[in-house]
Amino acid sequence: MNEFDVRTDVLMNYGSEFRNMSRRINNLRFELSSARSRLFGVSMLLIKAHLLLKNYELLAESRKLCNNGTALNDIATKYMYAENHILQFEGELSNPAFDDEGQYGGDQGSPRKNWEAVVEIVRRYYPNMSNKEIRKFLETMNSEGCGYVAMINTLFLRFKGREDEFERIFGFPMYVNGDLNYDALVTDYYCAYDNPNESGASLAEHGEMFEAYCRDHNIDVTATPVQVTAENFNELRRNGEIVVGIRPVILYDAEGRMVRNNPNAGHGMTVTGVTDDGRLIVSSWGDTYYLSPDLSVYDGFIDFTQVSYN
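For clarity, every value in this text was computed on a predicted model and none was experimentally measured.

J.: Explain the side chain of Asn 95 to me, please; I cannot follow it from the model alone.
T.: Summarising the element assignment, Asn 95 is placed in the loop between α2 (45–89) and α3 (110–113). At 3.3 Å, the side chain of Asn 95 and the backbone oxygen of Asn 153 are in polar contact. At a separation of 3.4 Å, a polar atom in the side chain of Asn 95 contacts the main-chain amide nitrogen of Leu 157.

Shown next, in the form of structure tokens:
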């Protein structure tokens, strides 16, 4: 159990309920005004005056509920901003998604291998899919899901130490057998925002999709294009995680040996740090890789997006 846990989701839910109550009261006010307008004659004057007074009283209550709802939402949002800013300020090791002793971020191919564990999630969105169709769907995710994984890696920092809240929001646990539940989260995101008519997406499109996915779960996040270098990475990282898209796919291992070279492909990854010799460290396929210190080799494109939880 956490030593200190603020239920921001509960605060936001109460805030929404207060605002909904305010709207219901306003609807009653309009009905009351409509009924009052249909009263005629001297004998109705006292009743009309009484109804007008009640209308003003309901208006005051409606405003109080609306203000209280907005205040609760502001409190939750400011708390989450402060907490996540502190977590992000801690640096690379603060995100549990990047563990040097285990899987280093998510792998878009893992759900395909462990498809039975994510069948229930796929069928939330596609209830009539057969097992064969689900496996084919996950094969497609394996080929185009890198940007989805890069984005969901950042969510684990947002929910660090708040596993109960994660499960309440997404409907599945944050950890399974002590390991982060990458497969469930990337499958849920991919199911929610995959475009079956397109293959892959730009980094800007991934930013928009991820913002929408988070909004669906009452999570306030902003994905903003940024210019990243080895020199400014650590400063930028204080304000949010960094995701990168590259073409061609040229990646290196810790010793500087080229281990991936695909001139005809693009790839999305999470940037997790920078080495002393100026190489950006990235998470891809659940492992650690490095970009070339000469970023000009990615002459097809190299784009960066900062993911900040507000």
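There's plenty left to go through after this.
J.: Any chance you could explain helix α4 (residues 115–125) here in plain terms?
T.: Within an α-helix, residues lying three or four positions from one another point in the same direction, as the helix has 3.6 residues per turn. All of the buried residues along α4 are Trp 115, Val 118, Val 119, Ile 121 and Val 122. Summarising the contacts, the buried residues of α4 are in contact with α3, α5 (131–144) and α8 (182–193).

J.: Can you walk me through the state of the cysteines in this structure?
T.: Two cysteines, two sulfur atoms, one covalent bond between them: this is a disulfide. With the rule as written, the count across this model stands at zero disulfides. With no disulfide of its own, Cys 191 has Cys 214 as its nearest cysteine by sulfur position, at a separation of 16 Å. Since its relative accessible area comes to 1%, Cys 214 is described here as buried.

J.: Even after reading the chapter, I still don't get helix α9 (residues 203–216), so can you show me in this structure?
T.: With 14 residues, α9 should cover 20 Å at 1.5 Å per step; its first-to-last C-alpha distance of 20 Å lies within 8% of that length. Within the sequence span of α9, burial applies to Leu 203, His 206, Gly 207, Met 209, Phe 210, Glu 211, Ala 212, Tyr 213 and Cys 214. Looking at the buried positions of α9, the neighbouring elements they touch are α6 (146–158), α7 (163–170), α8, β3 (221–226), β4 (241–247) and β10 (301–309). Just past α9, the residue Asn 218 takes up positive phi, approximately 55 degrees.

J.: Any chance you could explain the pairing of strand β6 (residues 258–262) here in plain terms?
T.: Note that strand β5 (residues 249–252) and β6 share four bridges and pair antiparallel. By the bridge assignment for β6, Ile 250 is matched with Asn 261. The antiparallel pairing of β5 with β6 creates a hairpin that spans five residues between the two strands, and Gly 256 there sits at a positive phi of about 90 degrees.

J.: Would you explain the pairing of strand β7 (residues 267–274) in this entry?
T.: Counting buried residues along β7, eight of its eight residues qualify, which places the element largely inside the surrounding structure. Two strands pair when backbone bridges link them, and β4 and β7 are joined in this way by five bridges, in the antiparallel orientation. Note on β7: the bridge partner recorded for Gly 245 is Gly 268. Examined bridge by bridge, β7 and strand β8 (residues 280–284) share four bridges and lie antiparallel to one another. In the strand pairing of β8, Val 271 is matched with Val 282.

J.: Any chance you could explain the packing of aromatic side chains here in plain terms?
T.: Aromatic ring pairs are reported here in terms of the distance separating the ring centres and the angle at which the planes meet. By the definition in use, this model includes 17 aromatic pairs. Considering the side-chain rings of Phe 159 and Phe 166, the 5.5 Å spacing of their centres and the 85 degrees angle between planes classify their relative orientation as edge-to-face. By the burial criterion, Phe 159 is buried, and Phe 166 matches it. Plain terms: the ring middles of Phe 166 and Phe 170 are 4.7 Å apart, the flat faces sit at 45 degrees to each other, and that makes the pair tilted. Taken together, the residues Phe 166 and Phe 170, both in helix α7 and four residues apart, mark about one turn of the helix. Above the ring of Trp 115, the side-chain terminus of Arg 135 is found at 4.8 Å from the ring centroid.

J.: Help me out: how do you make sense of a negative patch on the surface in this one?
T.: On the surface, Asp 99, Asp 100, Glu 101 and Asp 179 cluster together into a patch of negative charge. One can find Glu 101 in the loop between α2 and α3.

J.: I keep staring at unusual backbone geometry and nothing clicks. Help me out?
T.: Note: most peptide bonds trans; most residues except glycine with negative phi. A cis amide bond links Arg 247 with the next residue in sequence, Pro 248, at an omega value of 0 degrees. Checked against the element boundaries, Pro 248 lands in the loop between β4 and β5. Positive phi, close to 55 degrees, is recorded for Asn 218, a residue that is not glycine. Its place among the elements puts Asn 218 in the loop between α9 and β3.

What counts, and where the lines are drawn
Residues numbered from 1 in each chain as written. Predicted model: local features only at pLDDT ≥ 70, side-chain atom pairs only at ≥ 80, totals over all residues. Heavy atoms only, no water. Helix = DSSP H or I, 4+ residues; strand = E, 2+ residues; numbered from the N terminus. Polar contact = N/O pair within 3.5 Å; in protein donor to acceptor, adjacent residues only side chain to side chain. Buried < 20%, exposed > 50% of the residue type's maximum accessible area, 1.4 Å probe, protein only. Contact = heavy atoms within 4.5 Å. Disulfide = S-S within 2.5 Å. Expected span 1.5 Å × (residues − 1). Pairing = 2+ DSSP bridges. Phe/Tyr/Trp six-rings, centres within 6.5 Å; stacked < 30°, edge-to-face > 60°. Lys NZ or Arg CZ within 6 Å of the ring centre and 35° of its normal. Patch = residues over 30% accessible without salt bridge, like charges linked within 9 Å, V, L, I, M, F, W, Y side chains within 5 Å. Areas by Shrake-Rupley, 256 points an atom, 1.4 Å probe, with all protein chains shown as cover. Salt bridge = Lys/Arg side-chain N within 4 Å of Asp/Glu carboxyl O. Lys, Arg positive; Asp, Glu negative; His and termini not counted. Charge placed at Lys NZ, Arg CZ, Asp CG, Glu CD.

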